[in-house]
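# An overview of the molecular structure
Chain by chain, the residues:
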Amino acid sequence: MGRLSELDAVTIDAYGTLVTLVDPVPALQAALAARCVERNAEQVGAAFRAEAAYYTPRSHERPLEDLRRRCVAVFLEAAGAALDVNEFVGPYIEALVFEPLPGAVEAVRRLRAHGVALAVVSNWDETLPERMAIFDVDAIVSSSEAGAPKPDPAIFRLALERLGVPPERALHVGDSPADEEGARAAGMRFAPAPLSELFR
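Worth saying up front: this structure is predicted, and the values here are computed from it rather than measured. (Residues numbered from 1 in each chain as written. Predicted model: local features only at pLDDT ≥ 70, side-chain atom pairs only at ≥ 80, totals over all residues. Heavy atoms only, no water.)

## Looking at the packing of aromatic side chains
The tally for this structure, following the rule as stated, stands at five aromatic pairs. With 6.1 Å between their ring centres and 5 degrees between their planes, Phe 75 and Phe 88 make a pair best called stacked. With Phe 75 in helix 3 (residues 64-79) and Phe 88 in helix 4 (residues 85-94), the pair connects residues that are 13 residues apart, well separated along the chain. Overall, Phe 75 belongs to the buried group, its relative accessible area being 0%. Judged by relative accessible area, Phe 88 falls into the buried class, the value being 0%. These aromatic residues form a ring-pair network of at least three members: Phe 48, Phe 75, Phe 88 and Tyr 92. (Phe/Tyr/Trp six-rings, centres within 6.5 Å; stacked < 30°, edge-to-face > 60°. Helix = DSSP H or I, 4+ residues; strand = E, 2+ residues; numbered from the N terminus. Buried < 20%, exposed > 50% of the residue type's maximum accessible area, 1.4 Å probe, protein only.)

Shown next as structure tokens:
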């Protein structure tokens, strides 16, 4: 905790740092099977990875409804499933269940108790605030809101503006090269996840 004395703010990545995704494959398999499309776990997993690879660099794109349709179209095509995209959007989104990583909630509480300003900064669509509701932070900034995904520094600058903290007094914690590159481009310090190991 000693090095926190040099900081006024900590920004934190969401996926892979604060939360993880409960395996969506069983739910997606079931949703396909309910529509008479039988696929094994390996096939569904590969289709989901194709969708995730499509979504991540486009998480800032709007409107959300259009982005979701395009993402689901990628999944269905990769799964070889000739289903109506619009009809499958609901079941697909329902299969995406996020849960806090071990120790993440407690780590955020420790940071809060230490008095630093906190923000979640993540490549995510406009649903990020509701996904992060469990965490007690001062600001939640998505790539959708910033208009660009990490490693573009715009998302970090927007978070710092919200917090009223200069970049040299802020640290970003994340789990990807885009986190480090974007944070450093914004003039911030960087520390790799896991968050729970950094501030004990």
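So much for the structure itself; the text now carries on.
## Here we look at helix 2 (residues 41-55)
With 15 residues, helix 2 should cover 21 Å at 1.5 Å per step; its first-to-last C-alpha distance of 21 Å lies within 8% of that length. For helix 2, the set of buried residues is Val 44, Gly 45, Ala 47, Phe 48, Glu 51, Tyr 54 and Tyr 55. Buried residues belonging to helix 2 abut strand 2 (19-21), helix 1 (25-33), helix 3 and helix 4. Sitting at the head of helix 2, Asn 40 places a side-chain oxygen 3.1 Å from the backbone nitrogen of Glu 42. (Expected span 1.5 Å × (residues − 1). Contact = heavy atoms within 4.5 Å. Polar contact = N/O pair within 3.5 Å; in protein donor to acceptor, adjacent residues only side chain to side chain.)

## Thoughts on the pattern of salt bridges
Applying the stated criterion to the full structure yields 13 salt bridges. Across the pair Asp 13 and Lys 150 runs a salt bridge, and its minimum N-O distance is 2.8 Å. Here Asp 13, found in the loop between strand 1 (9-12) and strand 2, pairs with Lys 150, found in the loop between helix 7 (143-146) and helix 8 (154-163); they are 137 residues apart in sequence, far enough to count as distant. The pair formed by Asp 13 and Lys 150 is uniform in burial state, with each residue classed as buried. For Glu 145, the salt bridge identified is with Arg 162, shortest N-O distance 2.3 Å. Remark: Arg 162 occurs in helix 8 and Glu 145 occurs in helix 7; sequence separation between them is 17 residues. Exposure remark for Arg 162: the relative accessible area of 43% places this residue in the partly exposed category. The structure contains a network of salt bridges with shared partners spanning Glu 61, Asp 66, Arg 69 and Arg 70. (Salt bridge = Lys/Arg side-chain N within 4 Å of Asp/Glu carboxyl O.)

## Focus: the packing of helix 2 against helix 3
Here helix 2 crosses helix 3 at 145 degrees, and the two axes come no closer than 8 Å. The handedness of the crossing between helix 2 and helix 3 comes out as right-handed. Side by side, helix 2 and helix 3 meet where Val 44, Ala 47, Phe 48, Ala 50, Glu 51, Tyr 54 and Tyr 55 of the first sit next to Leu 67, Arg 70, Cys 71, Val 74, Phe 75, Ala 78 and Ala 79 of the second. Of the residues contributing to the contact of helix 2 with helix 3, the split by class is twelve nonpolar, no polar and two charged. (Axes fitted to C-alpha atoms, helices over the stretch in contact; angles between N-to-C directions. Left-handed = near helix turned anticlockwise from the far one by under 90°. Nonpolar A, V, L, I, M, F, W, Y, C, P; charged D, E, K, R; others polar.)

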